[in-house]
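Results of the structural survey
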Amino acid sequence: METRQLEYFVAVAEELSFTRAAQRLFAVQSTVSATIRTLETELGTTLFDRSTRRVALSASGALFLPEAKAALDAVERAREVVQEASAGLRGSLRVGTLTSVGALDLPALLGTFHDRHPLVDLHLTVSVTGPTGLAEDVRHGRLDLALLGLPESELPGLTVRTIVTVPYLAVLPAAHPLAGRPSISLRDLAGERFVDAPRGFGNRIAIDRACESLGVGRRVPVEVADLRVMPLYVAAGLGVAVVPDLVPLTAPGTAVVPLDDAGLTWPLSVVSHGEKAPGRALRTLLDLLVETDFLQKSDGGASGRPRE
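Scope of this entry: the structure provided in the associated data block.

Parameters and conventions
Residues numbered from 1 in each chain as written. Predicted model: local features only at pLDDT ≥ 70, side-chain atom pairs only at ≥ 80, totals over all residues. Heavy atoms only, no water. Axes fitted to C-alpha atoms, helices over the stretch in contact; angles between N-to-C directions. Helix = DSSP H or I, 4+ residues; strand = E, 2+ residues; numbered from the N terminus. Parallel < 35°, antiparallel > 145°, perpendicular 65-115°, else oblique. Contact = heavy atoms within 4.5 Å. Nonpolar A, V, L, I, M, F, W, Y, C, P; charged D, E, K, R; others polar. Left-handed = near helix turned anticlockwise from the far one by under 90°. Expected span 1.5 Å × (residues − 1). Buried < 20%, exposed > 50% of the residue type's maximum accessible area, 1.4 Å probe, protein only. 1 Å grid on protein atoms, 1.4 Å probe; cavity = no way out; pocket = protein on both sides within 12 Å on 5 of 7 lines; lining within 4 Å. Points joined across faces, edges and corners; volume = space filled by probe spheres on them. Salt bridge = Lys/Arg side-chain N within 4 Å of Asp/Glu carboxyl O. Pairing = 2+ DSSP bridges. Phe/Tyr/Trp six-rings, centres within 6.5 Å; stacked < 30°, edge-to-face > 60°. Lys NZ or Arg CZ within 6 Å of the ring centre and 35° of its normal.

1. Points about the packing of helix H1 (residues 3-15) against helix H3 (residues 29-43)
A pair of packed helices can be characterised by two numbers: the angle between their axes and the separation between those axes. Interhelical geometry of H1 versus H3 gives an angle of 110° and a closest axis separation of 9 Å. As far as their axial angle goes, H3 and H1 are roughly perpendicular. Across from Arg 4, Gln 5, Tyr 8, Phe 9 and Val 12 in H1, the residues of H3 making contact are Thr 31, Val 32, Thr 35, Ile 36, Thr 38, Leu 39 and Glu 42. Each residue belonging to the contact of H1 with H3 can be placed in one class, and the counts come to six nonpolar, four polar and two charged.

Here it is, written out as structure tokens:
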């Protein structure tokens, strides 16, 4: 049995698709299919139930999956130990992040890590599908680490380290009747049109749920993924915005007012796979994040507060 066979099996098992597994492995689909058939022949059992519509793990495949993952983890740990002993920390890290993470100086963090461990191959991906997509990528092994803003209840199967929480602010047109107040609540915005992130983004999920719990209905006619441009749509009269205090939110023709709804904060968390022990490179990056202060200093935008 070869390591490559186990890698192909795990990819198909997690994707439940030979096509997606081949894309993930940068392999030809026919090669993936042939490798799985060879593995099944060697094991003397069927690992997948196949049909024209779906691929599912067989009973034998479900039993084999945790063993295959454990074997791959052991091989990776052995490789890392030998490589580190001979030439320093090696490996690869796939990191996912949001479009706007103003509370953390991610370039500085990754730059420091690269300076200290230049043999580790870093890959950074900016998500266009939001934190929900990032979480799925970590669960399925497409990413080793992700920075996202979702409550822990939305992150089953992942190890979650919350590194900062920030309050929410309301961005209003300058002429809005509430613009001069020292603070407002979500109830004050009942009936307003909203500018917000698409569904699946952390701030959209949090504000949707908060409004629902208060019995406040809202419409979101404008959806944009980048927090930095939301004030421009507010200034254009297309709605109001309630967003985490992560980046400078001022724009001509707008007013920023603190939101006073108790307990409503946005968490910036680092997540990794909950069932897979982190490799040496990942552990080293997480240690660097904990040991060094890479939180952005407030400059009229992000006012991130370290979690107690």
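2. Remarks on the packing of H1 against helix H2 (residues 18-25)
Look at H1 against H2: their axes get within 8 Å of each other, and the N-to-C directions meet at 125°. Regarding the angle of H1 to H2, the classification is oblique. Crossing angle aside, the handedness with which H1 passes H2 is right-handed. Contacts between H1 and H2 involve Glu 7, Tyr 8, Ala 11, Val 12, Glu 14 and Glu 15 from the former and Phe 18, Arg 20, Ala 21, Arg 24 and Leu 25 from the latter. Class assignment for the residues of the contact of H1 with H2 results in six nonpolar, no polar and five charged.

3. Observations regarding helix H7 (residues 202-214)
Taking 1.5 Å of rise per residue, the 13 residues of H7 would be expected to cover 18 Å, and the 18 Å separating its terminal C-alpha atoms lies within 8% of that figure. Along H7, the positions that sit buried rather than exposed are Gly 202, Asn 203, Arg 204, Ile 205, Ile 207, Ala 210 and Cys 211. Within two residues after H7, Gly 215 carries a phi angle of roughly 75°, on the positive side.

4. Observations regarding the layout of surface pockets
Roughly 1,300 Å³ of volume is contained in the largest pocket. Surrounding the largest pocket, 41 residues form its lining, Arg 24, Arg 94, Gly 141, Asp 144 and Lys 276 being those nearest its centre. Elements with a minimum of two residues in the lining of the largest pocket: H1, H2, helix H4 (59-87), strand S3 (91-97), strand S11 (265-273) and helix H9 (280-291). Ranked by residues supplied to the lining of the largest pocket, first place goes to H4 with 11 residues.

5. Considering the pattern of salt bridges
Scanning the model with the defined rule gives 18 salt bridges in all. Residues Asp 144 and Arg 94 are paired through a salt bridge, measuring 3.0 Å at the closest nitrogen-oxygen approach. Of this pair, Asp 144 sits in the loop between helix H6 (130-139) and strand S5 (145-148) while Arg 94 sits in strand S3, and the two are 50 residues apart along the sequence. Owing to a relative accessible area of 30%, Arg 94 belongs among the partly exposed residues under this scheme. Salt bridges here are not isolated pairs; linked through shared partners, they connect Glu 14, Glu 15, Arg 20, Arg 24, Lys 69, Asp 137 and Arg 142.

6. Section: the pairing of strand S9 (residues 241-244)
Residues in a regular strand project their side chains so that they alternate between the two faces of the sheet. Of the two faces of S9, the one holding Ala 241 and Val 243 and the one holding Val 242 and Pro 244 are both buried throughout. Alignment of strand S6 (residues 158-173) against S9, held across four bridges, turns out to be antiparallel. By the bridge assignment for S9, Ala 170 is matched with Val 242.

7. Some thoughts on the environment of Ser 17
Considering the arrangement of structural elements, one finds Ser 17 in the loop between H1 and H2. Of the residues examined, Ser 17 reaches a relative accessible area of 12% and is grouped as buried. C-alpha of Ser 17 to C-alpha of Val 166: the two residues are 149 residues apart in sequence and 39 Å apart in space.

8. Overview of the packing of aromatic side chains
Applying the stated rule across the entire model yields three aromatic pairs. Between Phe 9 and Phe 64 the ring centres are 5.0 Å apart and the planes differ by 50°, which places this aromatic pair in the tilted class. With Phe 9 in helix H1 and Phe 64 in helix H4, this residue pair connects regions lying 55 residues apart in the sequence. Each of the two residues, Phe 9 as well as Phe 64, counts as buried. Taken together, a centroid distance of 6.0 Å and an interplanar angle of 65° make the contact between Phe 18 and Phe 48 edge-to-face. Separated by 30 residues along the polypeptide, Phe 18 in helix H2 and Phe 48 in strand S1 (residues 48-50) bring together distant segments of the chain. In this structure, Phe 18 and Phe 48 share a single accessibility class: buried. Three or more aromatic residues joined by ring pairs make a cluster, and in this case those are Phe 9, Phe 18, Phe 48 and Phe 64. Sitting over the ring of Tyr 8, Arg 4 keeps its end group 5.4 Å from the ring centre. Positioned over the ring face of Phe 194 is Arg 218, at 4.7 Å from the centre of the ring.

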